[in-house]
Amino acid sequence: MKHRWNATLAAAAALAVPATGITLGHAGEEGIDKARAAAFDVRMFSKPPGKKAYACFVRRYDPDHLARHPLQQVNAMKLLVTAETPPEEKITNYSFRLGLKYRHRSGDFDSSGSCNHFVPEDDGHEIRLGCGVDCDGGGLNVAMSKDEKSAIVRVERVRIWQNSKPDEELSDALVGGADDKVFRLDRADIRECATLVTDRKELAEIRRKR
């Protein structure tokens, strides 16, 4: 069965950050400074997210970069982060969708899951999003660059699917190897991440955004 992120499964985000001593939670939950989390959201979405907001980040690696990083397996990557407060709830749910291409494998690959704010144990001054995939699917964490023009994506292991073969049994994983642990993705028009969206209503909403 094709994967679907579960915005209510907050615990899954812990899979993205294997280090110990990390505090996880939505803005306002125990252990997370609400003001700092809100400031992070403004940096991520370029404004307060309100009822629903998207942030899109993209990187297509050129031949020069790949020549300098011969062990890097990823050729291109897209990240779509969504913040949404359902009408019947007062808490904001965060989710991610990841798309990537490999250097030496054909096809498009993707992943998705739920996220929470967290503070890394070894970098207590910085709030990030920790994102996890259901059923022990690993995950990733996302920080923002100082100029807010890029997202810094850190990967240990995250489950991925090939778009043409979305069955659970055929899932694979992107593992953070020597040159695949940290990715800097540039902020892009939200419509560049439309290929990561399968819901027709949401896709139409994204395509209308400017």
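For the structure, check the block above.
Residues numbered from 1 in each chain as written. Predicted model: local features only at pLDDT ≥ 70, side-chain atom pairs only at ≥ 80, totals over all residues. Heavy atoms only, no water.

**Concerning the overall build of the protein chain**
Step number 1: Across its full length, the protein chain holds three helices and ten strands.
Step number 2: Going from the N terminus to the C terminus, the protein chain shows its helices and strands as β-α-β-α-β-β-β-β-β-β-β-β-α.
Step number 3: The proportion of buried residues among the 210 residues of the protein chain is 48%.
Step number 4: Contacts in the protein chain between residues at least 24 apart in sequence constitute 59% of all its contacts with a sequence separation of at least 6.
Step number 5: When the accessible surface of the protein chain is summed, it comes to about 10,900 Å², and 50% of that surface belongs to carbon and sulfur atoms. (Helix = DSSP H or I, 4+ residues; strand = E, 2+ residues; numbered from the N terminus. Buried < 20%, exposed > 50% of the residue type's maximum accessible area, 1.4 Å probe, protein only. Contact = heavy atoms within 4.5 Å. Areas by Shrake-Rupley, 256 points an atom, 1.4 Å probe, with all protein chains shown as cover.)

**Focus: the state of the cysteines**
Step number 1: Going through the model one piece at a time under the given rule, you end up with two disulfides.
Step number 2: The disulfide partner of Cys 56 is Cys 193, and the S-S distance across this bridge is 2.0 Å. Residues Cys 56 and Cys 193 share a disulfide whose torsion about the S-S bond is about 80 degrees; that sign makes it right-handed. Residue Cys 56 is located in strand S2 (residues 52-60), and its partner Cys 193 is located in the loop between strand S10 (182-188) and helix H3 (200-208); the two are separated by 137 residues in the primary sequence. (Disulfide = S-S within 2.5 Å.)

**Topic: unusual backbone geometry**
Step number 1: Notably, Ser 46 is not glycine yet its phi reads approximately 65 degrees, a positive angle.
Step number 2: By the element assignment, Ser 46 lies in the loop between helix H1 (34-45) and S2.
Step number 3: One non-glycine residue, Cys 135, lies in positive phi territory at about 60 degrees.
Step number 4: Residue classification places Cys 135 among the exposed positions, given a relative accessible area of 64%.

**A short note on H1**
Step number 1: With twelve residues, H1 should reach 16 Å at 1.5 Å per residue; the first-to-last C-alpha distance of 16 Å fits that figure.
Step number 2: For H1, the N-terminal capping position is held by Asp 33, with its side-chain oxygen 3.1 Å away from the main-chain nitrogen of Ala 35. (Expected span 1.5 Å × (residues − 1). Polar contact = N/O pair within 3.5 Å; in protein donor to acceptor, adjacent residues only side chain to side chain.)

**Structural notes on the pairing of S10**
Step number 1: Both S2 and S10 contribute to a ladder of three bridges, which runs antiparallel. Among the inter-strand pairings, Val 58 is bridged to a residue of S10, identified as Asp 186.
Step number 2: As judged from the five bridges shared by strand S8 (residues 150-162) and S10, these two strands associate in the antiparallel manner. Each residue of the ladder has a partner; that of Ala 151, found in S10, is Leu 185. (Pairing = 2+ DSSP bridges.)

**A closer look at the side chain of Asp 41**
Step number 1: Relative to the assigned elements, Asp 41 resides in helix H1.
Step number 2: Here Asp 41 is buried and forms no salt bridge, its nearest opposite-charge partner Arg 43 lying at an N-O distance of 10 Å.
Step number 3: Within the local environment of Asp 41, its side chain forms a polar contact with the side chain of Tyr 94, the two groups lying 2.5 Å apart.
Step number 4: Ignoring any residue separated from it by four or fewer positions in sequence, one finds Asp 41 in contact with Ser 46, Lys 47, Pro 49, Tyr 94 and His 117. (Lys, Arg positive; Asp, Glu negative; His and termini not counted. Salt bridge = Lys/Arg side-chain N within 4 Å of Asp/Glu carboxyl O.)

**Observations concerning the pattern of salt bridges**
Step number 1: Applying the stated criterion across every chain yields a total of ten salt bridges.
Step number 2: For Glu 202, the salt bridge is made with Arg 97, and the minimal N-O distance between the two is 3.0 Å. Taken together, the positions of Glu 202 in helix H3 and Arg 97 in strand S4 (residues 93-102) put the pair 105 residues apart, joining distant regions of the chain.
Step number 3: Note on Arg 97: relative accessible area 8%, which makes it buried.
Step number 4: Salt-bridge contacts for Arg 128 lead to Glu 126; the nearest nitrogen and oxygen are separated by 2.9 Å. Glu 126 matches Arg 128 in its accessibility class, with the two residues each being buried.

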